[in-house]
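Take a look at the letters that make up each chain.
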Amino acid sequence: MAIVNRSKTPSPIRLLNINPLRLIVSSFALVILTGTLLLMLPFATKSGSSAGLLTALFTSTSAVCVTGLILEDTATYWSTYGKSVILLLIQIGGLGIVTITSFFYSFMRRKATLKTLFVAKESTSSFNFEDVFALVRKIIAITLVTEGIGAVLLSWRFVLRYGLRDGITKGIFQAVSAYCNAGFDLHGDTIAPGMLAAGATDGKFSSLIAWNNDPVVILTTGFLIISGGLGFLVWSEILSIRKGGRLHFHSRVVLAMTGILLVVGMIAFLVTEWHNTQHPYSLGSLPVWQRPLAAFFQSVTPRTAGFNSIDQASLYDTSKFITVILMFIGAAPGSTGGGIKITTFAVFVATILSDITNHDEIVLSRHRLSRETFTRALAVMGLGMLIVLTATI
């Protein structure tokens, strides 16, 4: 007698039980492919014709990987449907499909297997398995609240220029895009008076260059980028810390390095770009009171965000090199940003300082680090540089 064991059709929940790292990678590939197919539909563009494979694939990849690079201006090229797809891809890419799936898994109160917990742990960069689903729920809550506050503030400013409907739409879109460090915006369909004076014929690819005179827009967008780049673990700890308590080592390093990079980057851009008047929207061409604000935003946005409030092509070579360094470093682990991560960079700098001062041990913020930690950091930096150099060549 033959006994046949029929396997049940895998559900989205059961997919969590395959190899965790493979699932995380394949889930992004699946979302990118799905986004490509959706953006290739004729009604995804305002013209009613298909965007084609190349444009759809590039846009979908950029949205899911939250890079901000585009082939066509988002506001003028894509229809309402197309913009909605892009926004959804940004949100999924920023949070991670596994994080979102884990949220619904925990919401349904299902018992989790060890593999399921491992997937959720890897996706959120959690340090342990304890309360990993509680962290996932907290991640979703933090994201929605932060994006909601940002959307209200941005909509308040945008309504004054674009009207009620467009202002709210652009505010919501930019809040999600900024928090997810995506860099997509919907300002290309409007040309500001300052852009007309600068000789522009349309507002395509303008990003935030017409908003330097509005601190609310620049600072709100900047702080949304920073919030998303700090990482969910850091925010979870900040919000749950008790009075008189102390943040863990990881959070202290992330906050310290974020502050250092922001301040150093801002000062560097002020020094190098203060007298740059090559373009009407170069930093040196702006009113004096707007320059520190523009320098601050230029220090924030290269950390994988993709927005810009000054003309990037007219930057001096020194400023471009500083921008490249900030892009390479990126944001914190478990965040919506990319790069080699600021913790990796911190370990690398700590190792160099320890060697310079002839210390046998690597010390970072009064904590001794193992050589294995340095080896990992060096491997990440080396692989990142190899990829960049190979692609450059």
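Everything quoted here is computed from the prediction, not taken from an experiment.

**Digging into the overall build of the chain**
Here is step 1 of the chain: Counting secondary structure elements, the chain contains 16 helices and two strands.
Here is step 2 of the chain: When burial is assessed residue by residue, the chain has 49% of its 393 residues classed as buried.
Here is step 3 of the chain: At a minimum sequence separation of 6, the contacts of the chain that also span at least 24 residues come to 65%.
Here is step 4 of the chain: Taken as a whole, the chain presents about 20,100 Å² of accessible surface, with 67% of it coming from carbon and sulfur.

**Overview of the side chain of Ser 314**
Here is step 1 of the chain: Among the secondary structure elements, Ser 314 is positioned in the loop between helix H13 (291–300) and helix H14 (317–329).
Here is step 2 of the chain: Within the structure, the side chain of Ser 314 is placed 2.7 Å from the side chain of Ser 282, a separation counted as a polar contact.
Here is step 3 of the chain: Residue contacts for Ser 314: discarding those within four places in its chain leaves Glu 273, Asn 276, Gln 278, His 279 and Ser 282.

**Remarks on the pattern of salt bridges**
Here is step 1 of the chain: For the coordinates displayed, the defined rule picks out two salt bridges.
Here is step 2 of the chain: The shortest N-O distance in the salt bridge between Arg 157 and Asp 214 comes to 2.9 Å. Pair noted here: Arg 157 is in helix H7 (residues 132–162) and Asp 214 is in the loop between helix H9 (193–197) and helix H10 (215–230), with a separation of 57 residues, a long-range link.
Here is step 3 of the chain: With a relative accessible area of 21%, Arg 157 lands in the partly exposed category.
Here is step 4 of the chain: Its salt-bridge partner being Asp 189, residue Lys 170 comes within 3.0 Å of it at the nearest N-O pair. A residue pair is termed long-range when its members are at least 10 positions apart, and Lys 170 in helix H8 (residues 164–179) and Asp 189 in the loop between H8 and H9 qualify at 19 residues.

**Digging into H8**
Here is step 1 of the chain: Here H8 spans 22 Å end to end across 16 residues, near enough to the 22 Å set by a 1.5 Å rise per residue.
Here is step 2 of the chain: Buried residues of H8: Gly 167, Lys 170, Gly 171, Phe 173, Gln 174, Ala 175, Val 176, Ser 177, Ala 178 and Tyr 179, and no others.
Here is step 3 of the chain: One or two positions beyond H8, positive phi appears at Asn 181, with a value near 60 degrees.

**Considerations on the nonpolar core**
Here is step 1 of the chain: Counting 61 residues, the largest nonpolar core has Leu 208, Trp 211, Ile 225, Phe 307 and Ile 342 as its most contacted members.
Here is step 2 of the chain: Residues in contact with Ile 225, not counting those within four places in the same chain, are Ala 178, Asn 181, Phe 297, Val 300, Ala 305 and Phe 307.
Here is step 3 of the chain: In this structure, Val 85, Ile 90, Ile 92 and Phe 173 belong to the second largest nonpolar core, which totals 23 residues.

**Overview of the packing of aromatic side chains**
Here is step 1 of the chain: Applying the stated criterion across every chain, the model contains six aromatic pairs.
Here is step 2 of the chain: Relative to Trp 78, the ring of Tyr 77 has its centre 4.9 Å away and its plane inclined at 85 degrees; by these criteria the two rings are edge-to-face.
Here is step 3 of the chain: Geometrically, the ring pair formed by Phe 158 and Tyr 162 is edge-to-face, given 6.0 Å between the ring centres and 70 degrees between the ring planes. Here Tyr 162 and Phe 158 lie together in helix H7, a separation of four residues that amounts to about one turn. Side by side, Phe 158 and Tyr 162 carry an identical accessibility label, which is buried.
Here is step 4 of the chain: An aromatic cluster of three or more residues is present, and its members are Phe 158, Tyr 162 and Trp 211.
Here is step 5 of the chain: It is Arg 157 that lies over the ring of Trp 156; its NZ or CZ is 4.7 Å from the centre.
Here is step 6 of the chain: Stacked on the ring of Trp 211, the Lys or Arg Arg 161 has its end atom at 3.9 Å from the ring centre.

Reading the values: the criteria
- Residues numbered from 1 in each chain as written.
- Predicted model: local features only at pLDDT ≥ 70, side-chain atom pairs only at ≥ 80, totals over all residues.
- Heavy atoms only, no water.
- Helix = DSSP H or I, 4+ residues; strand = E, 2+ residues; numbered from the N terminus.
- Buried < 20%, exposed > 50% of the residue type's maximum accessible area, 1.4 Å probe, protein only.
- Contact = heavy atoms within 4.5 Å.
- Areas by Shrake-Rupley, 256 points an atom, 1.4 Å probe, with all protein chains shown as cover.
- Polar contact = N/O pair within 3.5 Å; in protein donor to acceptor, adjacent residues only side chain to side chain.
- Salt bridge = Lys/Arg side-chain N within 4 Å of Asp/Glu carboxyl O.
- Expected span 1.5 Å × (residues − 1).
- Core = buried A, V, L, I, M, F, W, Y, C linked by side-chain atoms within 4.5 Å.
- Phe/Tyr/Trp six-rings, centres within 6.5 Å; stacked < 30°, edge-to-face > 60°.
- Lys NZ or Arg CZ within 6 Å of the ring centre and 35° of its normal.

All quantities given are derived from atomic positions and should not be read as evidence of function.
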